[in-house]
Amino acid sequence: MITGKLLLHTCCAPCSVKCIDSLAAEDLRPTLFWYNPNIHPFTEYRSRRDTLVKFAADAGLELISNDEYGLRLFLRNMPADKAPERCAYCYRLRLEKTAAQAAEAGFDYFSTTLLISPYQNHDLIRAIGEELGEAYGVKFLYRDFRPLFRSGQGKARELGLYMQKYCGCIFSEEERYT
Ligand code: SF4
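Because the structure is a prediction, the values reported are computed rather than measured.

Q: Teacher, can you tell me more about the overall build of the chain here?
A: Counting secondary structure elements, the chain contains seven helices and five strands. Sequence-ordered secondary structure for the chain, helices as α and strands as β, is β-α-β-α-β-α-α-β-α-β-α-α. Taking 178 residues into account, the globule formula puts the C-alpha radius of gyration at 16 Å, and the chain, at 15 Å, falls close to it. Each of the 178 residues in the chain was classed as buried or not, and the buried ones make up 48%. Taking the contacts inside the chain whose residues are at least 6 apart along the sequence as the reference set, 76% of them involve residues at least 24 apart. Looking at the chain as shown, the accessible area adds up to about 8700 Å², and 50% of this sits on carbon and sulfur atoms. Taking the 23 positively charged and 23 negatively charged side chains of the chain as two groups, their mean positions are separated by 4 Å.

This is the structure in structure tokens:
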């Protein structure tokens, strides 16, 4: 059992549902953090962001929103348009902003809802999170939420949350439909 304040990077509302439930079972009530410049195009970004804003309000959870759309930043610094380099850059971009925000605002821990997805490179997310935790002096809270993924998606549908059809970036959208 741990105690302290947790900043939870939140990639989208559906992925957050069961992460939040699981953390609640540990008596942890996270503050959600929206920073996802990897989501394209803007209409998709807006749908996911607005869904999370409503979900957080309904759940009575605090949400810190860094609402930089970030398309140009994402593409300008992207080292490669293929995974795994593309995704490593994407994880680091989002987790570094989260770690910096957590340090600045006095959180004890940071983590990410990306840890629930069986489609992400779980071990890489953990390695980058722990490296950034050392660098920013805020512990990365690692949890393997993956066993909760399917039930979380089901609960998100029951709640009527907007469900995305691809990971986020324009490359993942192309891969989903070609
Ligand atoms: S596929 Fe997903 S994790 Fe990988 S770069 Fe695109 S948005 Fe980021």
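Q: Where do I start with the pattern of salt bridges in this structure?
A: Opposite charge on two side chains permits pairing when their charged atoms draw close. Under the counting rule described, the total for this entry stands at 12 salt bridges. Among the salt bridges present, the one from Arg48 reaches Glu44, with a minimum N-O distance of 2.8 Å. Here Glu44 and Arg48 lie together in helix H2 (residues 42-59), a separation of four residues that amounts to about one turn. If you follow the salt bridges from partner to partner, you end up with Lys18, Asp21 and Lys155 in one network.

Q: Looking at this structure, how should I read the environment of Glu130?
A: Secondary-structure assignment places Glu130 in helix H5 (residues 122-136). Sequence-wise, Glu130 and Tyr142 are 12 residues apart; in three dimensions their C-alpha atoms are separated by 8.3 Å. Discounting chain neighbours no more than four positions away, the residues touching Glu130 are Phe140 and Tyr142.

Q: Which parts of the structure should I look at to understand the sheet that holds strand E1 (residues 6-9)?
A: Think of a sheet as strands paired side by side through backbone hydrogen bonds, with each pair either parallel or antiparallel. Pairing is parallel across the open sheet formed by five strands, whose spatial order is E3-E2-E1-E4-E5. The strands lining the two open edges of the sheet, one partner per strand, are strand E3 (63-65) and strand E5 (139-140). Sheet topology note: the E1/strand E4 (residues 109-112) ladder contains four bridges and is parallel. Pairing of Leu6 across the sheet is with Tyr109, part of E4.

Q: For this particular structure, what's the right way to read the packing of helix H1 (residues 13-24) against H2?
A: The geometry of a pair of packed helices is captured by two quantities: the angle between their axes and the separation between those axes. Packing of H1 against H2 leaves a shortest axis separation of 9 Å and a crossing angle of 30°. Considering their axes alone, H1 and H2 lie roughly parallel with respect to each other. Contacts from Ala13, Ser16, Val17 and Ile20 in H1 reach Thr51, Leu52 and Phe55 in H2. When the residues that make up the contact of H1 with H2 are grouped by side-chain class, the tally is five nonpolar, two polar and no charged.

Q: Hey, could you run me through unusual backbone geometry in this one?
A: Generally, phi is negative for residues other than glycine and the peptide bonds are trans, each holding for most cases. The step from His40 to Pro41 runs through a cis peptide bond, and the omega angle for that step is -10°. Inspection of the secondary structure puts Pro41 in the loop between strand E2 (31-34) and H2. Here the residue pair Ala83 and Pro84 is connected by a cis peptide bond, since its omega of 10° sits within 30 degrees of zero. Note that Pro84 resides in the loop between helix H3 (71-77) and helix H4 (85-104). Of note in the backbone geometry, Asp27 takes a positive phi value of approximately 65° without being a glycine. Looking at the element boundaries, Asp27 is found in the loop between H1 and E2.

Q: What is the right way to look at the nonpolar core in this model?
A: In globular proteins that are soluble, nonpolar side chains generally tend to be buried together. By size, the foremost hydrophobic cluster in this structure holds 52 residues, and its most contacted members are Leu7, Leu23, Leu32, Phe55, Phe74 and Phe110. Top contributing element to this core by residue count: H4, with seven residues.

Thresholds, definitions, all that
- Residues numbered from 1 in each chain as written.
- Predicted model: local features only at pLDDT ≥ 70, side-chain atom pairs only at ≥ 80, totals over all residues.
- Heavy atoms only, no water.
- Helix = DSSP H or I, 4+ residues; strand = E, 2+ residues; numbered from the N terminus.
- Rg over C-alpha atoms; globule rule 2.2 N^0.38 Å.
- Buried < 20%, exposed > 50% of the residue type's maximum accessible area, 1.4 Å probe, protein only.
- Contact = heavy atoms within 4.5 Å.
- Areas by Shrake-Rupley, 256 points an atom, 1.4 Å probe, with all protein chains shown as cover.
- Lys, Arg positive; Asp, Glu negative; His and termini not counted.
- Charge placed at Lys NZ, Arg CZ, Asp CG, Glu CD.
- Salt bridge = Lys/Arg side-chain N within 4 Å of Asp/Glu carboxyl O.
- Pairing = 2+ DSSP bridges.
- Axes fitted to C-alpha atoms, helices over the stretch in contact; angles between N-to-C directions.
- Parallel < 35°, antiparallel > 145°, perpendicular 65-115°, else oblique.
- Nonpolar A, V, L, I, M, F, W, Y, C, P; charged D, E, K, R; others polar.
- Core = buried A, V, L, I, M, F, W, Y, C linked by side-chain atoms within 4.5 Å.

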